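# Commentary on secondary and tertiary structure
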Amino acid sequence: MEFQHLGKSVNHPQTPKEATLETFENQYQNRNYLIQFDSEDFTSLCPITGQPDFANISIQYIPDKQCVETKSLKYYLHSYRNFSGFNEKIINTILDDLVEACQPRWVQVKGKFAARGGITLTTTVEYPSIDIPSQTKEK
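All of the points below concern the structure found in this document. Note that this is a predicted model, so its numbers are computed, not measured. (Residues numbered from 1 in each chain as written. Predicted model: local features only at pLDDT ≥ 70, side-chain atom pairs only at ≥ 80, totals over all residues. Heavy atoms only, no water.)

## Observations regarding the pattern of salt bridges
As enumerated under the stated definition, the model contains two salt bridges in all. Residue Arg 116 pairs with Asp 53 through a salt bridge whose shortest N-O separation is 3.0 Å. In this pair, Arg 116 is assigned in strand 5 (residues 106-116) and Asp 53 in strand 3 (residues 52-62), connecting sequence segments 63 residues apart. The exposure class assigned to Asp 53 is buried, which follows from its relative accessible area of 9%. Asp 64 is the salt-bridge partner of Arg 105, the closest N and O atoms lying 3.2 Å from each other. Of the two residues, Arg 105 sits in the loop between helix 2 (87-102) and strand 5 while Asp 64 sits in the loop between strand 3 and strand 4 (66-68), which places them 41 residues apart along the sequence. Residue classification places Arg 105 among the partly exposed residues on the basis of a relative accessible area of 28%. With relative accessibility at 24%, the residue Asp 64 sits in the partly exposed group. (Salt bridge = Lys/Arg side-chain N within 4 Å of Asp/Glu carboxyl O. Helix = DSSP H or I, 4+ residues; strand = E, 2+ residues; numbered from the N terminus. Buried < 20%, exposed > 50% of the residue type's maximum accessible area, 1.4 Å probe, protein only.)

Listed below in structure tokens is the structure:
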């Protein structure tokens with residue numbers, strides 16, 4: 001197994017599209033277990049002002065056949081420093097990229113963004129998606 005990042009000096013990817021999420025074989029495919037990553041120094045750019053948005057990112061997943069290699073995840077998250085997008089787009093993009101990379105049994109990505117104007121924003125997404133029952137009004 002050859003990793004591009006682990007144990008090597010790597011140029012930081014400038015965008016999430018340039019970044020590679022590397023994986024390795026899950027040695028415990030016969031059971032469900034939870035892996036959690038927390039990044040307390042995540043930054044991205046506001047698409048309107050260009051100012052940095054700071055966030056705590058929490059990723060929890062139950063692997064299937066592949067696990068995410070941590071150093072490649074670090075470089076992937078770091079690549080958002082130059083990415084301009086609303087907070088909701090960023091968290092959904094991270095989820096999509098993780099699902100594409102390792103096809104987990106379940107994954108949740110949560111981004112708690114620092115307050116702006118006295119309001120904090122937290123976005124949480126999951127795969128597979130939770131079915132939300134439709135609300136019907138009684139007449």
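## Quick word on the side chain of Ser 39
Mapped onto the fold, Ser 39 is located in strand 2 (residues 35-45). Within the structure, Ser 39 has its side chain in polar contact with the side chain of Asp 41 (distance 3.5 Å). Beyond its immediate chain neighbours, meaning those up to four positions away, Ser 39 contacts Ala 55, Asn 56, Ile 57 and Leu 77. (Polar contact = N/O pair within 3.5 Å; in protein donor to acceptor, adjacent residues only side chain to side chain. Contact = heavy atoms within 4.5 Å.)

## Things to note about the environment of Ala 115
One can find Ala 115 in strand 5. C-alpha separation for the pair Ala 115 and Phe 54, spaced 61 residues apart in sequence, amounts to 8.8 Å.

## A word on the nonpolar core
Membership of the largest hydrophobic core comes to 27 residues, with the highest contact counts inside it found for Phe 42, Ile 59, Leu 73, Ile 94, Leu 98 and Val 109. When contributions to this core are tallied by element, the ones reaching two or more residues are strand 2, strand 3, strand 4, helix 1 (70-78), helix 2 and strand 5. Looking at this core element by element, the count peaks at seven residues for helix 2. Residues in contact with Ile 59, not counting those within four places in the same chain, are Ile 35, Gln 36, Phe 37, Leu 73, Ile 94, Leu 98, Val 107, Gln 108 and Val 109. (Core = buried A, V, L, I, M, F, W, Y, C linked by side-chain atoms within 4.5 Å.)

## Notes on the packing of aromatic side chains
Note on aromatic pairs: each is described by the distance of the centres and the angle between the planes. Tallied over the full model, the rule gives five aromatic pairs. Taken together, a centroid distance of 6.3 Å and an interplanar angle of 85 degrees make the contact between Tyr 28 and Tyr 33 edge-to-face. Under the relative-accessibility criterion, Tyr 28 is labelled partly exposed at 44%. Between the aromatic rings of Tyr 80 and Phe 83, the centroid separation amounts to 5.2 Å while the plane-to-plane angle is 70 degrees, which identifies the pairing as edge-to-face. Here the aromatic cluster, defined as three or more aromatic residues joined through ring pairs, consists of Phe 42, Tyr 76, Tyr 80 and Phe 83. Sitting over the face of the ring of Tyr 75, Lys 74 holds its NZ or CZ atom 5.6 Å from the ring centroid. (Phe/Tyr/Trp six-rings, centres within 6.5 Å; stacked < 30°, edge-to-face > 60°. Lys NZ or Arg CZ within 6 Å of the ring centre and 35° of its normal.)

## Regarding the packing of helix 1 against helix 2
The contact between helix 1 and helix 2 brings their axes to 12 Å, and the two run at 150 degrees. Classed by the angle they form, the pair helix 1 and helix 2 counts as roughly antiparallel. Crossing handedness for the pair helix 1 and helix 2: right-handed. Side by side, helix 1 and helix 2 meet where Leu 73, Tyr 76 and Leu 77 of the first sit next to Thr 93, Ile 94, Asp 97 and Leu 98 of the second. The residue inventory of the contact of helix 1 with helix 2, partitioned by class, reads five nonpolar, one polar and one charged. (Axes fitted to C-alpha atoms, helices over the stretch in contact; angles between N-to-C directions. Parallel < 35°, antiparallel > 145°, perpendicular 65-115°, else oblique. Left-handed = near helix turned anticlockwise from the far one by under 90°. Nonpolar A, V, L, I, M, F, W, Y, C, P; charged D, E, K, R; others polar.)

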